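# Structural overview for review
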Amino acid sequence: MTEYLIALIEGVTPAADEQARLMDARAAWTAQLEKEGALRDTERLRDSHEGRRVHRVGNTVHVEQGPFTEPLASYWAVSAEDLEAAVALAKRLPVLPGDTVEVRPIMKGSHDPKKTDKTGKVFAFEVLGNAPNEEAWIRLMNRIDAETDNHATRDFISGLRLEAPRTGRRLVTQQGRTVVLDGPFPESKEVIGGLFFMRLPSLEDAVAWVSTLAYVGIGATEIREVWRS
Amino acid sequence: MEAELTELLRRERGRVVAGLYRACGNLDAAEEAFQQALLSAVSRWPSDGVPANPAAWVTTVAHNHLKQAWRQQGVAEAKAGVLAEVEVFEPRAVEAVADDQLRLVFTCCHPALGQEAQVALTLKVIAGFSVDELSRAFLCSEATMAQRLVRAKRSIETQRLELAVPGRRDLSERLAAVLAVVYLVFNEGYLGHEGALMRVELQREALRLARLLTELLPTEPEVFGLYALMALTAARASTRVDARGAVVLLADQPRSGWDRTAIVEGLVALQRARRLGGGTYTLQAEIAACHTTAPTWQATPWDRILAAYDALLAHAPSPVVALNRAVAVMMTAGPEAGLAALAALEAPLSRYHLFFATRADFLRRAGKSPRHDYQAALALVTNQSERALLEQRLAELRP
């Protein structure tokens, strides 16, 4: 069994009734995953306009305020036999036309499904990067791994690292049909390489913490508060 | 810059004041030190720039003011232990910060204070409302409000009201008092007897307080139920009156004007409240969700609303809830069934204008004369726009 990240990237904000229906349908899908023993972890992130992106150019740290294009809305970490089985699970996730679902193998990491049961704000840190080729991508992510390992503190909850983008799949719904595309290639834009969680008093604390990391040299870190859902 | 500053300080206020309160054990001193730190921020940030962690900056400066005040009063030695503790600002663990904030909330809403004082103190100390703002919001003189606050603070000092966060055993009872205060603040903002000046501020503050509680007590279902109820209700706030200030009934409100962000906020909180096993606030949020997510008035799921009211009545019987349930009965089974559901409620609700307004509406739909009931409602109503609506309905009746 391998673990996979099913990431939902929402395209449009639906009307209120559709929103309610969709939330109920996704809750039912999540409950089904849990029943089947496939669910490892899931969260919904607060809207990206509340988020921040931190990246470094030379010695200057840049902090960009959301909204961001193609923001991660929710994710499910699941275990499945292989990539095809994970894609089959992802196909059952209720989506709207315009939504995108990414399925990415998880290289290593830990889960804490009860991360929002403790006090304080919980923040998700998306490690974004791009590299000209796979070797460069892996070198970049190795560096990030080492950096974040050194910085792990009492506030650290859990985190995971994804395999290279090439190994994933992308599901797009067009005219009622779901099309499965090959993994996103890092040349085009910044792609998520990892995801970790920390419990901190405020967004300012989260930005301050990320700003101390040396790795932000080539990629960026997107900080998003985890919704208590 | 200035608006940004105000917003930031309002957001951080509770956290900083809570820490100061823990350090000195005196609400007045904590508030004073915070005010001093604000003044420093306002004079220095515009030229120095906003610090990377504004809350930490304000905390450090406020603690320094606290120390200075003690030194001037010659109490430095007596509080040496506390002084040492706040000598250097260190980022504190999330739990410690949360504990400080909970302690402050539970103190302001202490059952020994009485609800009026709880509300005033919460808004003053945690939300940073001025005495003037509070007196306008609660329609009393500034002197009365100031007196109320002084008395409440004195009670805390003299009765040595427990500074600790209540233990698991007392938590639900004490939490009920806190939630009641938050909901009261919200309703004051939502319904307000007259004057719209402070309403939006009160509503926003109630939501902010509830959101803070969801962070401090993330496994308490009713905290999420109340937050969901308020967010789903607030989502409709802007369409409740028209441009001239006249009441617009739910059936006639333009649904496209409802606040989508607030709706999602409410639905997500409701999802968690359900999962944790909510109570009366959660059931009320279910009803609010039915109304707020129906695409049209005609599509309102009255059967689900009726079921939620039945559950609510079983949970906490109340004539006002029974009155609302009667509306759901009328919408699912017709005006005669609605009137039957109202029959037992006249005695307990004989002073409540909405009982008569509701029965008048049912009578009108049943083809009977509602005149007497409209008149009874008019004799009891206090809100100007509701009065105007009743007068209009009465005038529409054939002589």
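The following refers to the structure shown. Here the structure is a predicted model, which is why all the values come from computation and not from measurement. (Residues numbered from 1 in each chain as written. Chains lettered and ligands numbered in written order. Predicted model: local features only at pLDDT ≥ 70, side-chain atom pairs only at ≥ 80, totals over all residues. Heavy atoms only, no water.)

### Some words on empty space enclosed by the protein
Filter applied, for reference: Each cavity reported here is a set of points on a 1 Å grid over the protein atoms alone in which a 1.4 Å probe fits but cannot get out, each pocket an open set with protein on both sides within 12 Å along at least five of seven lines, and each lining residue one with an atom within 4 Å of a point. Grid points are joined across faces, edges and corners, and a volume is the space filled by probe spheres set on the points. Helix and strand definitions here come from DSSP, where helices need a minimum of 4 consecutive H or I residues and strands a minimum of 2 consecutive E residues; each element is numbered from the N-terminal end. Just so you know the grouping, Ala, Val, Leu, Ile, Met, Phe, Trp, Tyr, Cys and Pro go in nonpolar, Asp, Glu, Lys and Arg go in charged, and all remaining residues, Gly too, go in polar.
Tallied over the entire structure, the rule returns four cavities of 30 Å³ or more. Estimated volume of the largest cavity: approximately 120 Å³. Lining of the largest cavity is provided by 14 residues; of these, A:Arg46, A:Trp227, A:Arg228, B:Arg211 and B:Thr214 occupy positions nearest its centre. Secondary structure elements with two or more residues in the lining of the largest cavity: strand 12 (220–227) of chain A together with helix 10 (199–216), helix 11 (221–234) and helix 12 (260–276) of chain B. Grouping the amino acids of the lining of the largest cavity by side-chain chemistry returns seven nonpolar, one polar and six charged.

### A short note on the packing of aromatic side chains
Note the following rule: Stacked, tilted and edge-to-face are the three classes assigned to paired rings of Phe, Tyr and Trp, where Trp is represented by its six-membered ring and a pair needs centres within 6.5 Å; plane angles under 30 degrees give stacked, over 60 edge-to-face, the rest tilted. Think of it in three bands: with a 1.4 Å probe and only protein chains considered, a residue is buried below 20% of the maximum accessible area for its type, exposed above 50%, and partly exposed in between. Here, a charge over a ring is recorded when the distance from Lys NZ or Arg CZ to the ring centre is within 6 Å and its angle to the ring normal is within 35 degrees.
Counting across every chain of the model gives 11 aromatic pairs over all chains. Residues A:Trp29 and A:Trp76 carry aromatic rings whose centres are separated by 5.0 Å and whose planes lie at 80° to one another, so their mutual orientation is edge-to-face. Of this pair, A:Trp29 sits in helix 1 (residues 16–35) while A:Trp76 sits in strand 5 (residues 72–80), and the two are 47 residues apart along the sequence. The class for A:Trp29 is buried, based on a relative accessible area of 5%. We classify A:Trp76 as buried; its relative accessible area is 4%. Ring plane angle 85° and centroid distance 5.1 Å describe the contact between B:Phe355 and B:Phe356, whose orientation is recorded as edge-to-face. In this structure, B:Phe355 and B:Phe356 share a single accessibility class: buried. Feature note: the residues A:Phe125, A:Phe156, A:Phe196 and A:Trp209 constitute an aromatic cluster, connected by ring pairs. Positioned over the ring face of A:Phe68 is A:Arg53, at 4.7 Å from the centre of the ring. The positively charged end of B:Arg236 is found above the aromatic ring belonging to B:Trp258, 5.9 Å away from the centroid.

### Details of the interface of chain A and chain B
By convention, interface size is frequently given as the accessible area that disappears when the constituent parts associate. Just so we agree on the cut-off: The contact criterion used throughout is that any non-hydrogen atoms of two residues lie within 4.5 Å. By convention, the term buried area covers the 1.4 Å-probe accessible surface removed from two parts as they join, with the contributions of both added. Definition used for salt bridges: Asp or Glu carboxyl oxygen within 4 Å of a side-chain nitrogen of Lys or Arg.
Tallying the contact residues gives 31 residues for chain A and 33 residues for chain B. For the chain A and chain B pair, buried surface summed over both sides reaches about 2,700 Å², with 53% attributable to carbon and sulfur atoms. Three residues stand out in chain A for area buried against chain B, namely A:Glu204, A:Arg228 and A:Ser229, and they jointly supply 21% of the buried area on that side. Across the salt bridge formed by B:Arg274 and A:Asp24, the nearest N and O atoms sit 3.6 Å from each other.

### Things to note about the state of the cysteines
All names here are of chain B. The condition is simple: Disulfide: a pair of cysteine sulfur atoms within 2.5 Å of each other.
Inspection of the entire model under this criterion finds zero disulfides over all chains. Cys-108 supplies the cysteine sulfur nearest to Cys-109, a cysteine that is in no disulfide, at a spacing of 6.4 Å. Counting only cysteine sulfurs, Cys-108 is the nearest neighbor of Cys-140, a cysteine outside any disulfide, at a range of 17 Å.

### Notes on the environment of B:Arg169
One can find B:Arg169 in helix 9 (residues 168–191). C-alpha separation for the pair B:Arg169 and B:Thr332, spaced 163 residues apart in sequence, amounts to 42 Å.

### Here's the deal with the pattern of salt bridges
Overall, the coordinates contain 43 salt bridges over all chains when judged by the stated rule. Across the pair A:Arg224 and A:Glu126 runs a salt bridge whose closest N-O atoms are separated by 3.7 Å. Of this pair, A:Arg224 sits in strand 12 while A:Glu126 sits in strand 7 (residues 121–129), and the two are 98 residues apart along the sequence. Assessed through its relative accessible area of 2%, A:Arg224 is described here as buried. Under the relative-accessibility criterion, A:Glu126 is labelled buried at 5%. For B:Glu346, the salt bridge identified is with B:Arg359, shortest N-O distance 2.8 Å. Here B:Glu346, found in the loop between helix 16 (335–342) and helix 17 (353–365), pairs with B:Arg359, found in helix 17; they are 13 residues apart in sequence, far enough to count as distant. Residues joined by salt bridges that share partners form a network here, namely A:Arg53, A:Glu126, A:Glu190, A:Glu222 and A:Arg224.

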